Amino acid sequence: MQTLFRNPLAGPFLIGITPGASFGIALVTLLGYALFPDSTGWAVPSLPVAALLGAGLVMMSSEHYTLERTGLVIFIFGAGAIIVGLIRMLLENL
């Protein structure tokens, strides 16, 4: 990331890894406990998989913008804001 953007302060939030992983974990945690309240043995092992899938979805959706750094940053900031909004909606409604 730091070499792609030529910025030593670039982090995972800049390309959408953090919001995507957070959304995957929130979705599995909240919906899993809402649908299956008695079974908690599957929840902890499934969280890394959910984080990987959430981050992967954001990365795959931004694949079109990989050649243009400016377009990539604008797309990811927009997608990150939408994902944070979805997480807040999940937390407030369940």
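One can find the structure itself at the top, above this paragraph.
In what follows, the accompanying structure is described. (Residues numbered from 1 in each chain as written. Predicted model: local features only at pLDDT ≥ 70, side-chain atom pairs only at ≥ 80, totals over all residues. Heavy atoms only, no water.)

**Focus on the overall build of the chain**
Secondary structure summary: the chain contains four helices and zero strands in total. Mapped in sequence order, the helices and strands of the chain form the string α-α-α-α. In the chain, which comprises 94 residues, the share counted as buried stands at 31%. In the chain, once contacts between residues fewer than 6 apart in sequence are set aside, the share between residues at least 24 apart is 61%. (Helix = DSSP H or I, 4+ residues; strand = E, 2+ residues; numbered from the N terminus. Buried < 20%, exposed > 50% of the residue type's maximum accessible area, 1.4 Å probe, protein only. Contact = heavy atoms within 4.5 Å.)

**Description of the nonpolar core**
Counting seven residues, the largest nonpolar core is built from I15, A26, V58, L72, I76, I83 and I87. Of all the elements, helix 4 (residues 69-93) adds the most residues to this core, at four residues. (Core = buried A, V, L, I, M, F, W, Y, C linked by side-chain atoms within 4.5 Å.)

**Considering the packing of helix 2 (residues 17-35) against helix 3 (residues 43-61)**
For the pair helix 2 and helix 3, interaxial distance at closest approach is 7 Å and the crossing angle is 135 degrees. Regarding the angle of helix 2 to helix 3, the classification is oblique. Crossing of helix 2 against helix 3: the hand is right-handed. Residues I17, G20, A21, G24, I25, V28, T29 and Y33 of helix 2 lie in contact with helix 3, whose contacting residues are A43, S46, L47, A50, A51, G54, A55, V58 and M59. (Axes fitted to C-alpha atoms, helices over the stretch in contact; angles between N-to-C directions. Parallel < 35°, antiparallel > 145°, perpendicular 65-115°, else oblique. Left-handed = near helix turned anticlockwise from the far one by under 90°.)

**Points about helix 2**
Residue pairs spaced three or four apart in an α-helix point in one direction, given the helix's 3.6 residues per turn. Across its 19 residues, helix 2 extends 27 Å between first and last C-alpha, which sits within 8% of the 27 Å expected from 1.5 Å per residue. Every buried residue of helix 2 is listed here: P19, G20, A21, G24, A26 and G32. Buried-residue contacts for helix 2 involve helix 3 and helix 4. (Expected span 1.5 Å × (residues − 1).)

**As for the packing of helix 2 against helix 4**
If you want to describe how two helices pack, look at the angle between their axes and the distance between the axes. At their nearest, the axes of helix 2 and helix 4 sit 9 Å apart, and the two run at 20 degrees to each other. Considered as vectors, helix 2 and helix 4 are oriented roughly parallel to each other. Read as a crossing pair, helix 2 and helix 4 show a hand that is left-handed. Contacts between helix 2 and helix 4 involve P19, G20, S22, F23, A26, L27 and L30 from the former and G80, I83, L86, I87, L90 and L91 from the latter. Among the residues forming the contact of helix 2 with helix 4, the class breakdown is ten nonpolar, three polar and no charged. (Nonpolar A, V, L, I, M, F, W, Y, C, P; charged D, E, K, R; others polar.)

**Describing the environment of L52**
Structurally, L52 is set in helix 3. Judged by relative accessible area, which is 63%, L52 ranks as exposed.

**Section: a nonpolar patch on the surface**
Taken together, the side chains of L27, L31, L35, F36 and W42 present a nonpolar region at the surface, about 450 Å² in accessible area. You can call F36 partly exposed: its relative accessible area is 47%. (Patch = residues over 30% accessible without salt bridge, like charges linked within 9 Å, V, L, I, M, F, W, Y side chains within 5 Å. Areas by Shrake-Rupley, 256 points an atom, 1.4 Å probe, with all protein chains shown as cover. Salt bridge = Lys/Arg side-chain N within 4 Å of Asp/Glu carboxyl O.)

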